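# Survey of secondary and tertiary structure
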Amino acid sequence: MAEKIVTESNNNPTIDGFHLVIEALKLNDIHTIFGLPGIPITDLTRMAQAEGMRVISFRHEQHAGNAAAAAGFLTQKPGICLTVSAPGFLNGLTSLANATVNCFPMILISGSSEREIVDLQQGDYEEMDQLAIAKPLCKAAYRVLHAQDIGVGIARAIRSAVSGRPGGVYLDFPAKLFSQTMDALDGRQSLIKVVDPAPRQIPAADAVQRALDLLKSAKRPLILLGKGAAYAQADADILSLVEKTGIPYLPMSMAKGLLPDTHPQSASAARSYVLAEADVVMLVGARLNWLLSHGKGKTWGAPNAKQFIQIDIEPKEIDSNVAIAAPLIGDIGSCVSALLAGMGSNWTKPPLEWTKGIFERKEKNLSKMAATLALNPSPMNFHSALAVVRNMVAARPDIMVINEGANTLDFTRSIVDMYEPRKRLDVGTWGIMGIGMGFAVAAAVVTNKPVIAIEGDSAFGFSGMEIETICRYNLPVCVVVFNNNGVYGGMDVNTSGGNDVAPTVFVKGARYDKIIEAFGGVGVHATNPHELSVALHEAISSGRPTLINAVIDESAGTESGRITKLNPQAASKT
Ligand code: ADP
Ligand code: TPW
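Everything numeric here is computed off the predicted structure, so don't read it as measured data. (Residues numbered from 1 in each chain as written. Chains lettered and ligands numbered in written order. Predicted model: local features only at pLDDT ≥ 70, side-chain atom pairs only at ≥ 80, totals over all residues. Heavy atoms only, no water.)

Glancing now at the overall build of the protein chain. On a plain count of helices and strands, the protein chain comes out with 23 helices and 19 strands. Taken over C-alpha atoms, the radius of gyration comes to 25 Å for the protein chain, in line with the 25 Å a tight globule of 574 residues would show. Principal axes of the C-alpha set define a box for the protein chain whose edges measure 85 × 65 × 45 Å. Looking at the protein chain residue by residue over its 574 residues, the buried ones come to 55%. (Helix = DSSP H or I, 4+ residues; strand = E, 2+ residues; numbered from the N terminus. Rg over C-alpha atoms; globule rule 2.2 N^0.38 Å. Buried < 20%, exposed > 50% of the residue type's maximum accessible area, 1.4 Å probe, protein only.)

Our next topic: the domain arrangement of the protein chain. One can read the domain layout of the protein chain as domain 1 (5–189), domain 2 (205–358) and domain 3 (375–573). Each of domain 2 and domain 3 was reduced to a C-alpha centroid, and the two centroids are 31 Å apart. Listed as interface residues are 17 residues of domain 2 and, on the opposing side, 15 residues of domain 3. Buried surface at the junction of domain 2 and domain 3, both sides included, amounts to about 1,400 Å², of which 55% is carbon and sulfur. For domain 2, the biggest contributors to the area lost against domain 3 are Met254, Lys256 and Trp290; these three give 39% of the whole. Applying the counting rule to domain 2 against domain 3 returns one salt bridge. With a shortest N-O distance of 2.7 Å, aspartate 235 and arginine 422 are connected by a salt bridge. (Domains from an automatic or database assignment. Contact = heavy atoms within 4.5 Å. Buried area = accessible area lost by both parts, 1.4 Å probe. Salt bridge = Lys/Arg side-chain N within 4 Å of Asp/Glu carboxyl O.)

The next point concerns the pairing of strand β13 (residues 326–329). In β13, alternate side chains face the same way, and those of Ala326 and Leu328 are buried while those of Pro327 and Ile329 on the opposite face are not. By the bridge criterion, four bridges tie strand β12 (residues 307–312) to β13 in an arrangement that is parallel. The partner of glutamine 310 across the bridge, within β13, is proline 327. (Pairing = 2+ DSSP bridges.)

Let us now look at the sheet that holds strand β10 (residues 249–251). With parallel pairing, the five strands of this open sheet are ordered in space as β10-β9-β11-β12-β13. A strand with exactly one partner marks an edge of an open sheet, and here the two such strands are β10 and β13. The sheet shows a mean angle of 15 degrees between the axes of neighbouring strands, direction not considered. Examined bridge by bridge, strand β9 (residues 221–225) and β10 share three bridges and lie parallel to one another. Directly across from leucine 225, in β10, lies its bridge partner proline 251. Relative to β13, helix α10 (residues 205–217) is tilted by about 135 degrees, and along the sheet it contacts β11 (280–284), β12 and β13. (Axes fitted to C-alpha atoms, helices over the stretch in contact; angles between N-to-C directions.)

Below, the discussion takes up the site of ligand 2. Around ligand 2 sit 17 residues in total, of which Asn407, Thr408, Gly431, Asp457 and Ala459 are the nearest. Between ligand 2 and the protein, one listed contact pairs a nitrogen atom with a backbone N or O atom of glycine 431 at 2.8 Å. At 2.6 Å from an oxygen atom of ligand 2 is found a side-chain nitrogen or oxygen belonging to aspartate 457. Burial of ligand 2 by the surrounding chains reaches 76%, relative to a free accessible area of 590 Å². (Near = heavy atom within 4 Å. Polar contact = N/O pair within 3.5 Å; in protein donor to acceptor, adjacent residues only side chain to side chain. Areas by Shrake-Rupley, 256 points an atom, 1.4 Å probe, with all protein chains shown as cover.)

Relative to the elements of secondary structure, serine 160 occurs in helix α7 (residues 150–162). Here arginine 156 takes part through its backbone oxygen, which lies 2.8 Å from a polar atom of the side chain of serine 160. Apart from the residues within four sequence positions on either side, serine 160 is in contact with Lys139, Ala140, Tyr142 and Val169.

Structure, rendered in structure tokens:
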């Protein structure tokens, strides 16, 4: 690499800020950057590519940031998003905040304008106090002013992103940093290879015993797996724990596939029953936030009839919504193996009345679902279209599934079974629209597996232009747009008598498939399950970028999908 180094007149080789950044990342086994070039980071993207890094260039920073976050979730290494100053930084910030809320490790690196001018507010090109703005929205934020601190800055960012509860980190690199030079040897010696970036956190023995005692005392125990459990990559031990205890389990949406959804102990098809009836619930990397009705209310059955065990790396999470009888603080791998070790060989499985009751409800609900999936209405509804996707994923369990929308999200989550860990990425904790194409790009780049993105037509619009990115890098991504002519559906009317359509209604009969054709990808217009199936199989077997415009009945689904109750106006209509 010596030839890449600027050589000065005294013949001492020097290294510049650009190369120090690149070498610091590579030293820490980070070889991919998701970003969008412009002043002052254009050369950084070129040089990173020249130095053998994979640089994936996006059309909007939010999607580069989402890709970095998804890469972080999938690999346990912080995904890197690189943006220009002020507007580029702000575009990336949504994804940084979303990554932090989801506990995904990522680092947003933004170029910034000169401190002297920013601090006196003298109106620099793209002036903004980015560090101050980023701070409340991420786990940690640092600025590096001197080339000799690049190593420390990147090391701190990596540690902050992946240790403890993972999250987003902001790294501010003012433009002048990149052209600073220093002695090459000193520069390289200033870089830090982070040792043990996410140290294991071993749970205390008494906390393990307390959890086991409570679990043993349960008559109707339940294990709830969240995306923290998926992130932890303790797959074999989690499977053992579930199977050895014999306890029924529920996966949160991104924990689907940690155990195959067809596992006999999965209680997904009896979800409301088990949540209401369980007496002891063990949360594994799942928060009692709105997605779990805050651990109280009707969903959870009789008041005060439940006790919780919570495994989490973040002590402050405990008691955040309801009292936790047995907190187990540590990393999930260490906690689960400690539980397994403490269980002993004479563990008594849960009473038959409990597991049999669940089984019977499951069977009933699953046969109801099978009957609905077998219908073939015209136009397609969510069920008939998703039956096709369900069969595809059953045949190819290695497929990555990306999912966003309202009804499209809810129905996909319940209809499309997942079989392998970390194969499903979705709107996460915020229920945010716009993750689709960024997550799809990351899934393809990181795993080299085929990707299916199941997108509501509104959801797709947030990141639709990244279809060009997918085509440019020739990624094996098949986007299926569930086109029902609007946000939630296309049936709303303007009651004012004016000419505008209602706020939730889009152009009717839009042909999203034409968009991908502009970039050389395959566009398919599918109006029935057969056409959808043919197109999906072709996309997966060819690996070519494909967009299927799946025409869905515009009256299918409900406003806000399954969270209508959070929308009082709509709820009062149903
Ligand atoms: P879900 O939305 O699937 O219910 P959440 O995002 O609410 O999941 O919860 C994930 C939880 O997992 C967070 O509280 C986070 O602190 C925790 N977590 C993440 N990684 C680990 C880990 N390696 N070990 C223990 N807990 C973890
Ligand atoms: C960043 C609000 C939640 S769901 C949704 C919106 C706009 C789209 C629903 O329509 P879609 O799905 O995708 O066509 P379907 O299956 O019901 O037809 N802005 C952001 N995030 C959110 N969550 C919204 C708006 C919303």
